[in-house]
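One letter stands for each residue in the lines below.
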Amino acid sequence: METSSVSPQPLGSAAMKAPEEESDGGGGKESMDGDAARNPYAGLVNHLRTSWLSRKTWPMQYRVAQLEALGRFLEEKEEEILEATTLDMGKPHFETQLSEIFVCRSELNHTLNNLSTWMKDEHVEKNWAMQLDSAFIRKDPYGVVLIIGPWNYPINLLLVPLIGAIAAGNCVVVKPSEVSKNAERLMAETLPKYLDKDCFAVVTAGVEGTTRLLENKFDYIFYTGSPSVGRVVMTAAAKHLTPVTLELGGKNPCYVSDSCDVRNVARRVAWGRFFNAGQTCVAPDYVLCSLETREQLLPALREAIAEFYGPNPQESSSFARIIGDGQFQRVRALLSSGRVAMGGQTDAGTRYIGEDTAWRAGGKVEGQASEGKGSQTLQAWLFPLLAAPTVLVDVQQDDPVMKEEIFGPILPILTVKSVDDAIAFINARERPLAIYVFSSCKQVVNQVLERTSSGGFCGNDTLMHFTLTSLPFGGIERLGPLPRPLHLRHLLAPAGHRAAWERPGSPQQAPLPALRAAAPAAAPLRHPAAAAPQLRPALTPAAQ
């Protein structure tokens with residue numbers, strides 16, 4: 001997280017910013033201990049807990065009313081959402097509508113359509129001695145939930161967990177990322193106007209304020225962001241034995257076999273890698289393929305990138321920007337790995353990484369010749385933090401680009417001799433959030449699925465498994481499972497359950513539509529575990 005200047009604001013205001021250190025946040029009750037009295041957010045958290053203990057959020061009618069209010073927020077503030085994401089990272093309107101607004105609306109509609117079913121008691125099997133009794137599982141809310149959102153999808157990854165938490169009957173503190181400043185301001189100023197202020201609050205804060213917020217006792221915490229901050233969140237939660245879901249991402253491999261439709265592969269990999277300028281946790285992080293396949297894949301990737309973003313991505317309105325200077329410098333430094341096959345140059349004046357300037361941090365640059373620096377559009381001037389689609393080859397396993405999640409529009413291609421080598425390469429590293437495989441041979445796809453371990457698996461496409469509401473979304477080690485709210489099947493499923501999705505790999509299969517094609521009629525994301533209720537076993541003896 002990055003720090004940001006904040007000022008005190010009363011609890012009853014639209015949102016609560018990080019108060020001054022001497023403020024008690026309105027929590028000056030004598031019953032509070034010394035630590036709570038000194039914490040600027042203690043009053044807010046206690047106020048929400050009082051509301052939850054009153055059972056105000058428990059009735060289905062109340063939950064439905066709040067969810068419908070969220071729907072009005074998405075409808076009435078759509079233009080403001082589009083503007084905020086464009087100002088923060090130059091995100092194209094199509095990408096915002098698809099990945100932010102469409103996903104939230106779909107999740108909201110699905111929740112409203114199924115809430116009454118999810119809330120019902122689940123009767124369970126009984127042994128012979130209890131045949132006359134009633135045994136069931138009741139689904140209770142956790143209590144006060146904290147949701148800390150990221151900057152890369154500032155609406156989606158804040159509201160989708162919120163939808164689940166509301167559906168499960170919780171009170172919620174929502175903390176948007178301070179990095180995406182315009183989206184943060186939008187959420188802080190407008191969201192509280194739609195929700196019940198006694199049960200839901202928006203807090204804006206930087207590092208220090210978030211640290212103080214985490215000192216309070218919550219009943220569930222859902223965090224999306226970097227592993228380093230995730231460790232801080234988990235450490236703070238451990239003091240109160242608070243359950244946590246951490247969505248931290250990772251390096252997702254993509255194996256491309258020799259038997260595949262290279263043009264289809266290039267379009268699907270380019271779409272998944274460069275969507276949102278590569279700032280997606282489940283995006284394919286690197287490609288593994290044979291040398292022969294790489295030589296066929298490179299021109300196909302160049303063609304796909306030109307189709308999606310035009311000959312000069314710097315001037316494309318369909319390509320997002322890097323969120324800030326720190327991220328831009330980090331991504332630019334990764335270009336010192338291997339050799340640039342396409343893209344990869346930068347201009348220090350506009351902080352552009354593309355194909356029309358000549359900066360390179362070492363190594364040889366291939367591809368199109370420079371066309372000069374004078375053709376920048378107004379968009380390129382407004383959003384200079386642009387790292388254009390870049391493909392690296394001759395990358396070594398110990399290069400910087402292979403040591404961390406890229407989280408930018410860079411695609412390294414590493415060569416392997418066989419599928420066995422690819423599987424060994426994948427298994428020698430941390431288990432990823434997703435594994436992608438492209439092959440016309442179903443046996444190859446199944447071989448990778450059976451011999452590797454990951455949170456999700458997708459055959460012959462990218463990102464698509466993430467959109468299916470019927471599949472659990474989660475990971476192993478770095479990312480806990482994210483079941484739907486009140487969805488008992490997913491909630492009780494062991495963390496090792498693995499979502500798998502495969503598209504037929506036949507060369508006749510239609511390619512992925514171009515970037516500006518209509519949004520797919522896909523189901524939305526799964527809710528986080530914060531949305532799931534506590535399962536409350538109940539055994540009611542029969543009347544005597």
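Since this is a predicted model, take the numbers as computed values, not measurements.

**Q** What am I meant to see in helix H11 (residues 291–309) here?
**A** Because an α-helix completes one turn every 3.6 residues, residues spaced three or four positions apart along the sequence face the same direction. Under the 1.5 Å per step criterion, the end-to-end length of H11 is 27 Å for 19 residues, consistent within 8% with the ideal 27 Å. Elements that come into contact with the buried residues of H11 comprise strand S9 (253–256), helix H10 (262–274), strand S10 (286–289), strand S11 (339–342), strand S15 (390–393) and strand S16 (410–415). In the stretch just after H11, Gly 310 is the one whose phi turns positive, near 85°.

**Q** Hey, could you run me through the packing of aromatic side chains in this one?
**A** Pairs of aromatic rings are described using the distance from one ring centre to the other and the angle between the two planes. Throughout the structure, instances matching the rule amount to eight aromatic pairs. Consider the rings of Trp 151 and Phe 407, whose centres lie 5.5 Å apart with planes at 90°: the pair is edge-to-face. With a gap of 256 residues between them, Trp 151 in the loop between strand S4 (144–148) and helix H6 (156–167) and Phe 407 in the loop between S15 and S16 connect regions that are remote in the sequence. The pair Trp 151 / Phe 407 is uniform in exposure class, with both members buried. Clustering of aromatic rings is evident, with ring pairs tying together Phe 308, Tyr 309 and Phe 319. The cationic tip of Arg 429 hangs over the ring face of Phe 425; the distance from NZ or CZ to the ring centre is 3.6 Å.

**Q** Would you take a moment to explain the packing of helix H4 (residues 78–89) against helix H5 (residues 93–118) for this structure?
**A** Working note: a packed helix pair is described by the angle between its axes plus the distance between those axes. Relative to each other, H4 and H5 sit at 130°, their axes nearing to 10 Å. Between H4 and H5, the interaxial angle falls into the category oblique. Like other packed secondary-structure pairs, H4 and H5 cross with a definite hand, here right-handed. On H5, the residues that touch Glu 78, Ile 81, Leu 82, Thr 85 and Thr 86 of H4 are His 93, Thr 96, Gln 97, Ile 101 and Arg 105.

**Q** Which parts of the structure should I look at to understand unusual backbone geometry?
**A** One can expect most non-glycine residues to show negative phi and most peptide bonds to be in trans. If you check the backbone angles, Arg 55 has positive phi at about 65° while not being a glycine. Relative to the assigned elements, Arg 55 resides in the loop between helix H2 (42–53) and helix H3 (60–76).

**Q** Just to check I follow, could you spell out the pattern of salt bridges for this structure?
**A** Where side chains of opposite charge bring their charged atoms close, a pairing between them can arise. Taken as a whole and judged by the stated rule, the model has 18 salt bridges. The closest approach of N and O atoms between Asp 196 and Lys 56, which form a salt bridge, is 2.7 Å. Residue Asp 196 is found in the loop between helix H7 (181–190) and strand S6 (200–204), and its partner Lys 56 is found in the loop between H2 and H3; the two are separated by 140 residues along the sequence. Taking the relative accessible area as the measure of exposure, Asp 196 reaches 15% and is therefore buried. Lys 56 gets classed as partly exposed once you look at its relative accessible area, which sits at 32%. Where Arg 339 meets Asp 394, a salt bridge forms, and the shortest distance between an N and an O atom there is 2.7 Å. Linking Arg 339 in strand S11 with Asp 394 in the loop between S15 and S16, this pair joins segments that are 55 residues apart in sequence. Judged by relative accessible area, Arg 339 falls into the buried class, the value being 18%. One salt-bridge network, in which partners are shared between bridges, spans Arg 294, Glu 295, Arg 339 and Asp 394.

Rules behind the numbers
Residues numbered from 1 in each chain as written. Predicted model: local features only at pLDDT ≥ 70, side-chain atom pairs only at ≥ 80, totals over all residues. Heavy atoms only, no water. Helix = DSSP H or I, 4+ residues; strand = E, 2+ residues; numbered from the N terminus. Expected span 1.5 Å × (residues − 1). Contact = heavy atoms within 4.5 Å. Phe/Tyr/Trp six-rings, centres within 6.5 Å; stacked < 30°, edge-to-face > 60°. Buried < 20%, exposed > 50% of the residue type's maximum accessible area, 1.4 Å probe, protein only. Lys NZ or Arg CZ within 6 Å of the ring centre and 35° of its normal. Axes fitted to C-alpha atoms, helices over the stretch in contact; angles between N-to-C directions. Parallel < 35°, antiparallel > 145°, perpendicular 65-115°, else oblique. Left-handed = near helix turned anticlockwise from the far one by under 90°. Salt bridge = Lys/Arg side-chain N within 4 Å of Asp/Glu carboxyl O.

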